[in-house]
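Spelled out from the first residue to the last, the chains are:
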Amino acid sequence: MKHATAAPSSRVQEIPGRSPRLRHVTPPDPHGLTLAPFRGLRYVPDQVHSLSAVTSPPYDVVVRPDEVVELEGADPHNIVRLILPRDGEREPSHARAAQTLRHWQELGVLVADDTPALYVYEQHTADDVLQRGLIGNLRLPTLDEGVVLPHEDVMPAPVADRAGLMRATAANLEPLLLAYRGDGPGTAARIIDAIVEHPPLLATTTEDGTRHRLWAITGHDEIAAVNADLAPRQALIADGHHRWATYLRLREEHQSPSPWDYGLVLLVDTDRYPLRVGAIHRVLRQLPVADALSAVRDSFRIEQVDDPLDTALAALADAIAVGGNAYLLAGDGTFHLLTLPDERLVDASVPRDRPTSWRRLDASVLHYAMIDHLWHVPDAPEHISYIHDAPAAVHEAERLGGTAVLMHPIAESTVLDLARQGVMMPHKSTSFGPKPASGLLLRSLELN
């Protein structure tokens with residue numbers, strides 16, 4: 001880990017450097033996006049090795065047990081002990097997370113800010129991508145309001161897991177990533193630009209070389225101005241569909257008004273800070289590559305491509321550029337490019353009551369034509385893993401004797417077009433980023 005040093009002026013500073021459904025979407029509600037301030041719960045630098053040592057990628061990006069162990073070893077108080085608690089069965093794990101959260105607060109490892117605020121969060125990646133956005137408690141609109149647009153369906157098990165964790169801890173432990181279009185330098189943009197000229201509450205550099213900084217907006221006038229700017233806008237869920245579904249479930253469990261009417265989000269203006277769209281790969285844990293290839297041999301063109309992985313991924317990108325569906329299979333030490341799916345297979349297996357653009361998505365053809373129809377693999381955690389990193393997916397497939405299906409990213413314009421039509425993409429179709437680091441800012445519902 002890259003450690004940073006605490007600034008002497010503040011106890012909280014550390015300074016370095018998937019079945020789809022159609023739905024009707026109405027125009028945005030006139031009260032639209034609303035961010036409420038909250039008392040952020042944050043680590044005290046003097047109580048941990050460093051702020052970087054207590055951060056983690058979002059829970060669904062940490063997929064291998066050794067990654068959890070590594071994060072736990074970085075600092076005894078690493079946030080992974082809360083977002084991915086390891087204590088046997090689900091319910092005891094959630095109880096353990098809640099106990100740990102309370103204990104850390106009692107010890108003064110996590111302390112709430114004195115004043116409710118909206119927070120400006122900045123990430124500056126090692127390859128010079130700058131992203132700034134607002135973290136706050138988003139009023140949870142109904143689906144029919146069309147204010148927040150999901151674009152992926154969700155799986156019941158992760159929603160149940162996150163709901164159990166949030167109930168137990170009474171906390172939002174990591175923010176969702178939402179994207180909106182600001183249509184120019186409006187009031188929110190000007191407020192963000194002004195505040196980043198001041199010293200941050202905290203700053204740290206994580207192991208991947210990304211620099212993180214955080215500021216607080218506490219003035220009533222500034223918060224009101226931000227919300228006036230956000231009110232007419234729509235937001236797209238860029239990352240965190242399962243947590244969003246969890247927010248909505250928990251809101252329905254509590255009588256309104258309550259703190260569960262809101263959920264923690266990071267809201268990014270993609271006119272100013274465009275997000276990157278990445279792929280989410282599949283690992284078919286119990287399907288050997290030879291069996292996978294045998295099952296698709298009569299339905300796809302199959303070509304063995306050269307290694308290393310970067311060369312194989314370039315071949316996948318070239319195939320996508322030509323047009324049509326393409327996939328890269330790995331796990332047996334070689335790479336196999338699948339292209340030109342049999343049109344009769346696609347027509348017979350992929351649902352016909354969706355737009356053509358949805359029916360020809362790589363994820364749609366993969367799940368309906370290949371995973372369901374040809375491979376007969378159940379979409380359950382013991383059979384399929386979803387991994388954001390291509391090398392990690394290949395490594396996992398080789399370790400298990402399974403098959404990695406490497407995907408190419410979907411264009412952001414396609415995602416937004418389908419979302420506005422109310423068409424859900426197969427789950428785990430996209431990966432937007434940069435994703436916020438978990439551990440820099442938490443929300444306790446007992447404080448808000």
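Quick look at the structure, then. Here the structure is a predicted model, which means the values were calculated and not measured. Every chain begins its residue count from 1, and numbering advances along the sequence as written. Where local features are concerned, this predicted model is filtered to residues with pLDDT of at least 70; where side-chain atom pairs are given and counted, the filter is 80 or more; whole-chain, interface and lining totals use all residues. Only hydrogens and water are removed before side-chain values are computed, so all heavy atoms of the structure are retained for them.

## Observations concerning the overall build of the chain
Alright, step 1. A tally of regular secondary structure across the chain gives 14 helices and 21 strands.
Alright, step 2. Radius of gyration means the value over C-alpha atoms here, while the globule rule gives 2.2 Å times the residue count to the 0.38 power. For 448 residues, the compact-globule estimate of 2.2 N^0.38 gives 22 Å, and the chain sits close to it at 22 Å.
Alright, step 3. Along the first, second and third principal axes, the C-alpha set of the chain runs to 65 × 50 × 40 Å.
Alright, step 4. Here's how the labels work: a residue is buried when its accessible area is under 20% of the maximum for its type, exposed when over 50%, partly exposed in between, all with a 1.4 Å probe on protein chains only. Residues counted as buried form 58% of the 448 residues belonging to the chain.
Alright, step 5. The accessible surface values rely on the Shrake-Rupley method and a 1.4 Å probe; as for residues, cover is taken only from the protein chains in view. For the chain, the exposed surface amounts to about 18200 Å²; the carbon and sulfur share of it is 51%.
Alright, step 6. Counting rule for charge: Lys and Arg are taken as positive, Asp and Glu as negative, and neither His nor the chain ends is counted. Taken as the charge location is NZ of Lys, CZ of Arg, CG of Asp or CD of Glu. Measuring between centres, the 41 positive side-chain charges of the chain sit 3 Å from its 60 negative side-chain charges. Numbering goes from the N terminus for both helices and strands, where a helix is a DSSP run of H or I of at least four residues and a strand is a run of E of at least two.

## A short note on the pairing of strand S8 (residues 176-180)
Alright, step 1. For S8, the buried fraction is high: five of the five residues fall into the buried class.
Alright, step 2. Here S8 shows a buried face lined by Leu-176, Leu-178 and Tyr-180 and a second buried face lined by Leu-177 and Ala-179.
Alright, step 3. Between any two strands, at least two bridges found by DSSP are needed for them to pair. As judged from the four bridges shared by S8 and strand S11 (residues 235-239), these two strands associate in the antiparallel manner. The residue of S11 that forms the bridge with Leu-178 is Ile-237.

## Some words on the sheet that holds strand S18 (residues 384-387)
What holds strands together in a sheet is hydrogen bonding between their backbones, with the strands either parallel or antiparallel.
Alright, step 1. Reading across from one edge, S15-S17-S16-S19-S14-S18 is the order of the six strands in this open sheet, with antiparallel pairing throughout. Either end of the sheet is taken by a strand with one partner, and the two such strands are strand S15 (301-305) and S18. Mean inter-strand twist for the sheet, computed between neighbouring axes without regard to direction, equals 25°.
Alright, step 2. Bridge analysis of strand S16 (residues 326-330) against strand S17 (residues 335-339) gives five bridges, and the strand direction is antiparallel. Interaxial angle, 0 to 180 degrees, is taken between N-to-C directions of lines fitted to C-alpha atoms, where a helix line uses only the stretch in contact.

## Re the packing of helix H4 (residues 156-169) against helix H7 (residues 241-253)
Alright, step 1. Here H4 crosses H7 at 55°, and the two axes come no closer than 9 Å. Relative to H7, the element H4 is oriented oblique. H4 and H7 meet at a crossing whose hand is right-handed. The residues of H7 that touch H4, namely those facing Pro-158, Val-159, Ala-160, Arg-162, Ala-163, Met-166 and Arg-167, are His-242, Arg-243, Ala-245, Thr-246, Tyr-247, Arg-249, Leu-250 and Glu-253.
Alright, step 2. Charged means Asp, Glu, Lys or Arg here, nonpolar means Ala, Val, Leu, Ile, Met, Phe, Trp, Tyr, Cys or Pro, and polar covers whatever is left, Gly included. Split into classes, the residues belonging to the contact of H4 with H7 amount to eight nonpolar, two polar and five charged. With respect to orientation, any angle under 35 degrees is reported as roughly parallel, any angle over 145 as roughly antiparallel, any angle of 65 to 115 as roughly perpendicular, and every other angle as oblique. We call a crossing left-handed when the near helix sits turned anticlockwise from the far one by less than a right angle, and right-handed when that turn is clockwise. Only heavy atoms enter the contact rule, under which two residues are in contact if any of them lie within 4.5 Å.

## Things to note about the packing of aromatic side chains
Alright, step 1. Here the aromatic set is Phe, Tyr and Trp, taking the six-membered ring for Trp, and pairing holds for ring centres within 6.5 Å; pairs whose planes are under 30 degrees apart are stacked, those over 60 apart are edge-to-face, and all others are tilted. A full pass over the atoms with the stated rule returns five aromatic pairs.
Alright, step 2. Centroid distance Phe-300 to Tyr-327: 6.3 Å. Interplanar angle 75°. Geometry classified as edge-to-face. Linking Phe-300 in the loop between helix H8 (289-296) and S15 with Tyr-327 in strand S16, this pair joins segments that are 27 residues apart in sequence.
Alright, step 3. On the basis of relative accessibility, which here comes to 6%, the residue Phe-300 falls in the buried class.
Alright, step 4. Two thresholds decide whether a charge sits over a ring: the Lys NZ or Arg CZ must be within 6 Å of the ring centre and within 35 degrees of the ring normal. Between the NZ or CZ atom of Arg-162 and the centre of the ring of Tyr-59, over which it lies, the distance is 4.0 Å.
Alright, step 5. Seen from the ring of Trp-358, Arg-354 lies directly overhead, with NZ or CZ sitting 5.4 Å from the centre.

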